[in-house]
Amino acid sequence: MTKRILLFIIATVLIKSIIAQSESDVKMKLNGFGDVIYGQPFGNSANKATQDTFGKYGEPNYLSGMHKGFTSHGIDMLGTVSMKNNLKFQAELNVEGSRGADGGEIELEMERLYLDYGISEKFGLQVGFMFTPIGYINRNLYSRAWLMNSIRFYQAVESGAGVIPNHFVGATAYGTFVLPKGNALSYIIGYGKARDISPANENFANDKPGYQVAGNLEWHYTGEFEFMLGLGGYTNQVHTFNIPMFGQMVDITDSSASPLLLQELGFNPYIKYSGKLFDLLVEYTYVNTLVLQGNYPRDTKLNTLSAELAINSKIKGKRFAPYVRYDFIFFPDGGGPYYGLRKVTDDVLTKVYTPNFNAIMGGIAYDISSHNRIKIEYIHHFDGPFQANGIYLQTAFGF
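Everything numeric in this text was worked out from a predicted model, so none of it was measured. (Residues numbered from 1 in each chain as written. Predicted model: local features only at pLDDT ≥ 70, side-chain atom pairs only at ≥ 80, totals over all residues. Heavy atoms only, no water.)

S.K.: Before we move on, could you go through the pairing of strand 10 (residues 226–241) and cite the residues and values that matter?
M.R.: In this sheet, strand 10 lies alongside strand 9 (residues 212–222) in antiparallel orientation, the contact comprising 11 bridges. In the sheet register, histidine 220 faces strand 10, and the bridge partner there is methionine 228. The antiparallel hairpin formed by strand 9 and strand 10 contains three residues in its connecting segment. Note: strand 10 against strand 12 (residues 259–274), 16 bridges, orientation antiparallel. Note on strand 12: the bridge partner recorded for glycine 233 is phenylalanine 267. (Pairing = 2+ DSSP bridges. Helix = DSSP H or I, 4+ residues; strand = E, 2+ residues; numbered from the N terminus.)

Right, dumping it as structure tokens:
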């Protein structure tokens, strides 16, 4: 499947390049993002009580970024074709190394594939496969090591973790209302496919009934400093199956399988400030999962937070930013009815143990050029079966 996707992208780029040479109203732009990392976790587990459970029922590549030695999170290639009548096509392909502990194999992963109709500044439409229009992190920093101060991926929006629906298949409407004195109000709202029976699977392959509605409202000020205050949210109607025990295998085609109908309600406020002295980003997500039908005893709640403060200084005219960041993800007991579900095959479902994430990071980001940022970071885990400490080095680039 990934080979067909790659061939499709290559063919699209070649065709559009030929068209661009003969038509002045068609333009192409290619951007790329990537990184190389050296990591060394050390020390005992942050929470030894979770070690045995994680060893038996955890995923080998969980948690993202817990590798040793050299690795790369991958290279994202983003192609944009701008056509007449404000029509734009955008495709993003990630040539990805494993983000987990073992380094893994090189894989191809589609990140975005959509058409954009920019009808006016106040109203436009997007149709296809895109980042779910919620929050700031998921829309702007999902795989953008070059734009981030810290090294660690935001685990809450990592597709393999299946915490929130980080990708969206459907249609969105968006626009910006320009207000006086440097202010603006932006909105996005979308309707599309529901999440898959496993939260770690992308929903473009989901052929089950259900839906997803997502949106974001943001007030934006630009002047001597930049300030964003936003509120995102989503709701998903998810058809899946009840698996009460970690490691249990369930054939979902069997009459003994216990179907569930769930309703996810997510609430996602954030603040982002960028000024001469410091940058601040705080984003919180609360998700209530309601059991509409099926044999599961209760509704459950999930909470996540990412908060980062970076001090802006310069060395020889280049940005030098010490930073500190604190993240947590608190899952419901046992993962609740949905978190931790994984497909073994198309017809077999199991449940893995996904421990809480609770860690503080501190480091330095230095821009050696406008296209290259180098970083050094220390991380300390307060919870989970992961080694309590780690030192990481990264060089990240973008063009």
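S.K.: Outline the side chain of threonine 132, listing residues and values.
M.R.: By the element assignment, threonine 132 lies in the loop between strand 6 (124–131) and helix 3 (137–140). Only 2.4 Å separates the side chain of threonine 132 from the backbone oxygen of proline 165, close enough to count as a polar contact. Setting aside anything within four residues of it in sequence, one finds threonine 132 in contact with Asn138, Arg139, Pro165, Asn166, His167, Phe168, Gln212 and Ala214. (Polar contact = N/O pair within 3.5 Å; in protein donor to acceptor, adjacent residues only side chain to side chain. Contact = heavy atoms within 4.5 Å.)

S.K.: I'd like a description of the sheet that holds strand 17 (residues 341–343), backed by residues and values.
M.R.: Here three strands make up an open sheet; going across it, the order is 11-18-17 and the pairing antiparallel. Among the strands making up the open sheet, the edge pair consists of strand 11 (250–251) and strand 17. In the sheet, strand 11 pairs with strand 18 (residues 348–351) via two bridges, with the strands oriented antiparallel. Bridge assignment links aspartate 251 to a residue of strand 18, and that residue is valine 348.

S.K.: Hey, could you go over the confidence of the model for the protein chain for me, with residue numbers and the actual values?
M.R.: In regions of low pLDDT, the predicted coordinates are not meant to be interpreted in detail. Of the residues in the protein chain, 91% have a pLDDT of 70 or more, and the chain-wide mean is 88. Here helix 1 (residues 2–22) stands out as the least confident element of the protein chain, with mean pLDDT 51; strand 14 (residues 300–311) is the most confident, with 98. (pLDDT = per-residue confidence, 0-100.)

S.K.: An account of the nonpolar core is needed here, citing residue identities and associated values.
M.R.: By size, the foremost hydrophobic cluster in this structure holds 42 residues, and its most contacted members are Tyr62, Leu141, Tyr154, Val163, Leu302, Ile329 and Phe331. Secondary structure elements with two or more residues in this core: strand 6, strand 10, strand 13 (278–293), strand 14, strand 16 (318–330) and strand 19 (357–369). At four residues, strand 19 tops the list of elements feeding residues into this core. Membership of the second largest hydrophobic core comes to 14 residues, among which are Ile252, Ala257, Tyr296 and Leu341. (Core = buried A, V, L, I, M, F, W, Y, C linked by side-chain atoms within 4.5 Å. Buried < 20%, exposed > 50% of the residue type's maximum accessible area, 1.4 Å probe, protein only.)

S.K.: Describe in detail the side chain of asparagine 268, supporting the description with residues and values.
M.R.: Relative to the helices and strands, asparagine 268 is located in strand 12. Asparagine 268 gets classed as buried once you look at its relative accessible area, which sits at 3%. Here the side chain of asparagine 268 touches glycine 135 through a polar contact of 2.8 Å, landing on its backbone nitrogen. Within polar-contact distance, the side chain of asparagine 268 engages the side chain of glutamate 283 at 3.3 Å. Those residues in contact with asparagine 268, other than ones at most four positions away along the chain, are Ile134, Gly135, Gly230, Leu231, Gly232, Gly233, Glu283, Tyr284 and Thr285.

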